[in-house]
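Here's the letter readout for the chains.
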Amino acid sequence: MTSPTAPADHRYLERFLWLSLATAVLTVALKAAAALITNSVGMWSDALESTVNLLAAGVALWAMRLSAKPADHNHDFGHGKAEYLSAAVEGTLIVVAAVAIIAGAINRFVNPVPLESIGIGVVLATLASVGNLVTGLILIRAGRAHRSITLEADGKHLMTDVWTSVGVLAGIIIVALTHIVWLDPLIALGVGVNIVFTGVGLVRRSVVGLLDATLPPDEVAIIERALVPLTDDPRVHLTDLRTRESGRQRFVQATLTVPGEWTVRRSHDLADRVEEEVESALPGTVTFVHVEPAD
């Protein structure tokens with residue numbers, strides 16, 4: 001298991017989102033050109049999803065900057081949950097794009113149109129897909145390494161676009177070989193249904209985060225192991241351990257029960273040790289320790 005690290009500076013993480021924006025602009029241009037050349041509803045659906053990627057990358061950049069703002073008089077715990085809002089918006093945009101793709105596919109079923117200049121269109125769409133693949137893998141890796149749901153969601157969105165493109169390209173090639181025109185809208189329909197699940201998954205994860213989900217089990221285990229050797233006094237107990245995550249931020253709360261005859265100074269020093277151990281185990285974690293006298 002990789003050792004936990006402190007949350008990275010938002011300016012460093014923003015570089016990944018600028019990469020995503022640049023890739024999205026290039027991808028939309030290439031896929032739109034491919035769709036115009038081939039007149040394929042499958043490629044139009046692919047271009048539409050890439051347009052959503054462009055909008056989503058802009059939302060993600062906004063959320064990243066907002067989440068990095070320090071605590072203020074209206075937000076005592078900072079703005080970390082802005083990243084969940086970004087994931088929710090991105091998931092919603094994916095679902096909207098899927099609905100538009102499905103509607104376009106149904107219309108093309110009713111009004112079939114032959115495809116044109118397939119070779120050039122396939123080349124352009126392939127170049128766009130390669131760009132999305134590389135950028136998507138970079139974003140997912142960075143998001144997991146730095147606990148950023150914004151980067152991870154944007155990366156997964158790009159990977160969804162890659163698989164969409166693979167399906168569309170395969171279908172276009174089959175249409176070119178078999179001349180079965182209705183395969184084009186059928187592929188677009190399958191693409192639309194598939195990305196609905198991706199969008200719903202992102203929305204569900206963002207909702208869980210907004211409801212103050214606990215830290216992952218492996219991180220909770222790290223905290224528990226770090227707090228075991230705090231003291232040899234059997235009268236000292238650490239209870240009511242509670243955790244939550246807010247975007248890239250971690251929060252830990254616990255109750256420290258100490259002998260009633262201890263001085264305030266001694267109890268305070270031990271509480272400080274608890275906070276230091278948690279900080280050492282999970283850098284960047286905000287820890288609150290409540291001290292109570294033992295019965």
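Note: the structure precedes this text.
Position numbers for residues start from 1 in each chain and track the written sequence from start to end. Totals for whole chains, interfaces and linings use every residue, but because this is a predicted model, local features are given only for residues with pLDDT of at least 70 and side-chain atom pairs only at 80 or more, for both listing and counting. As a convention, hydrogens and water are excluded, and side-chain values are obtained from all of the structure's heavy atoms.

Caption draft 1: Fine view of the environment of R11. The helix count covers DSSP runs of H or I at least four residues long, the strand count covers runs of E at least two residues long, and both are numbered beginning at the N terminus. With respect to the helices, strands and loops of the structure, R11 is situated in helix α1 (residues 10-38). Whether a residue is buried, partly exposed or exposed follows from its accessible area with a 1.4 Å probe, protein chains only, as a fraction of its type maximum: under 20%, in between, or over 50%, in that order. Residue classification places R11 among the exposed positions, given a relative accessible area of 57%. Between the alpha carbons of R11 and R65 there is a distance of 8.2 Å; along the sequence they are 54 residues apart.

Caption draft 2: The arrangement of the pairing of strand β3 (residues 286-293) in detail. With eight bridges connecting them, strand β2 (residues 249-258) and β3 associate as parallel partners. Residue pairing for β3: F251 is matched across the bridge by V286. Note on the crossover from β2 through helix α8 (residues 264-281) to β3: the handedness is right-handed. When DSSP finds two or more bridges between a pair of strands, those strands are recorded as paired. The handedness rule is simple: strands pointing away from the viewer, and a clockwise path from the first strand over the helix to the second, make the crossover right-handed.

Caption draft 3: Molecular detail of the nonpolar core. M43, V122, V168 and I172 are the most contacted members of the largest nonpolar core, which has 29 residues in total. Counting only elements with at least two residues in this core, the list comes to α1, α2 (41-67), α3 (82-110), α4 (118-145), α5 (149-178) and α6 (183-210). In what follows, a contact means two residues having at least one pair of non-hydrogen atoms within 4.5 Å. Setting aside residues no more than four positions away along its own chain, V168 makes contact with G42, M43, S45, D46, I187 and V191. Of all hydrophobic cores here, the second largest spans 19 residues; its members include L227, L230, A281 and L282. By convention a nonpolar core is built from buried Ala, Val, Leu, Ile, Met, Phe, Trp, Tyr and Cys residues, the set being connected through side-chain atoms within 4.5 Å.

Caption draft 4: Up close: a nonpolar patch on the surface. A surface patch of nonpolar side chains, amounting to about 450 Å² of accessible area, comprises L19, V130, L133, V134, L137 and I138. In terms of residue count, α4 provides more of the nonpolar patch than any other element does, five residues in total. Among the secondary structure elements, V130 is positioned in helix α4. Like charges are joined within 9 Å and nonpolar side chains (Val, Leu, Ile, Met, Phe, Trp, Tyr) within 5 Å, but only among residues with over 30% relative accessible area and no salt bridge; these make up the patches. A 1.4 Å probe and the Shrake-Rupley method give the accessible areas. Residues count as covered only by the protein chains that appear here. A pair is scored as a salt bridge if a Lys or Arg side-chain nitrogen falls within 4 Å of a carboxyl oxygen belonging to Asp or Glu.

Caption draft 5: Highlighting the packing of helix α7 (residues 217-227) against α8. Axis definition: a line fit to C-alpha positions, over the contact stretch in the case of helices; interaxial angles, taken between N-to-C directions, run 0 to 180 degrees. Across the interface, α7 lies against α8 with an axial gap of 9 Å and an inter-helix angle of 135°. What the angle tells us is that α7 and α8 run oblique. Along this stretch, α7 crosses α8, giving a crossing that reads as right-handed. Contacts between α7 and α8 involve I222, I223, A226 and L227 from the first element and V274, E277, V278 and A281 from the second. Asp, Glu, Lys and Arg are counted as charged, while Ala, Val, Leu, Ile, Met, Phe, Trp, Tyr, Cys and Pro are counted as nonpolar; the rest, among them Gly, fall into the polar class. Class assignment for the residues of the contact of α7 with α8 results in seven nonpolar, no polar and one charged. Angles below 35 degrees are treated as roughly parallel, those above 145 as roughly antiparallel, those between 65 and 115 as roughly perpendicular, and all remaining angles as oblique. The sense of a crossing depends on the near helix, which, turned anticlockwise from the far helix by less than a right angle, makes the crossing left-handed and, turned clockwise, makes it right-handed.

Caption draft 6: Local environment of the environment of L151. Mapped onto the fold, L151 is located in helix α5. According to the relative accessible area criterion, L151 is buried, its value standing at 0%. When the C-alpha positions of L151 and A60 are compared, they lie 7.6 Å apart, and in sequence the two are 91 residues distant. Apart from the residues lying within four places of it in its own chain, the contact partners of L151 are L13, F16, L17, M64, L139, I140, A142 and G143.

Caption draft 7: Representation of the pattern of salt bridges in the model. Here the structure, examined in full by the defined rule, presents three salt bridges. A salt bridge links E152 to K156; the nearest nitrogen and oxygen atoms lie 3.4 Å apart. With E152 and K156 both in helix α5 and four residues apart, the pair spans about one turn of that helix. With its nearest N and O atoms 2.7 Å apart, the salt bridge here joins R235 to E261. Taken as a pair, R235 in the loop between α7 and β1 (237-246) and E261 in the loop between β2 and α8 lie far apart in primary sequence, 26 residues in all. For E261, a relative accessible area of 58% corresponds to the exposed category. Each of the salt bridges in this network shares a partner with another, and the network as a whole consists of R144, E152 and K156.

Caption draft 8: Spotlight on the side chain of K31. Residue position: K31 is located in helix α1. Those residues in contact with K31 that lie beyond four places of it in its chain are D46, A47, S50, A128, N132, D161 and S165.

Caption draft 9: Seen up close, unusual backbone geometry. Phi angles above zero are rare outside glycine, and N39 is one such case at about 60°. Among the structural elements, N39 can be located in the loop between α1 and α2. What makes N39 partly exposed here is its relative accessible area of 25%. A positive phi angle, close to 50°, is found at D240, a residue other than glycine. Following the sequence through the fold, D240 ends up in strand β1. Looking at D240, the relative accessible area reads 49%, which means it is partly exposed.

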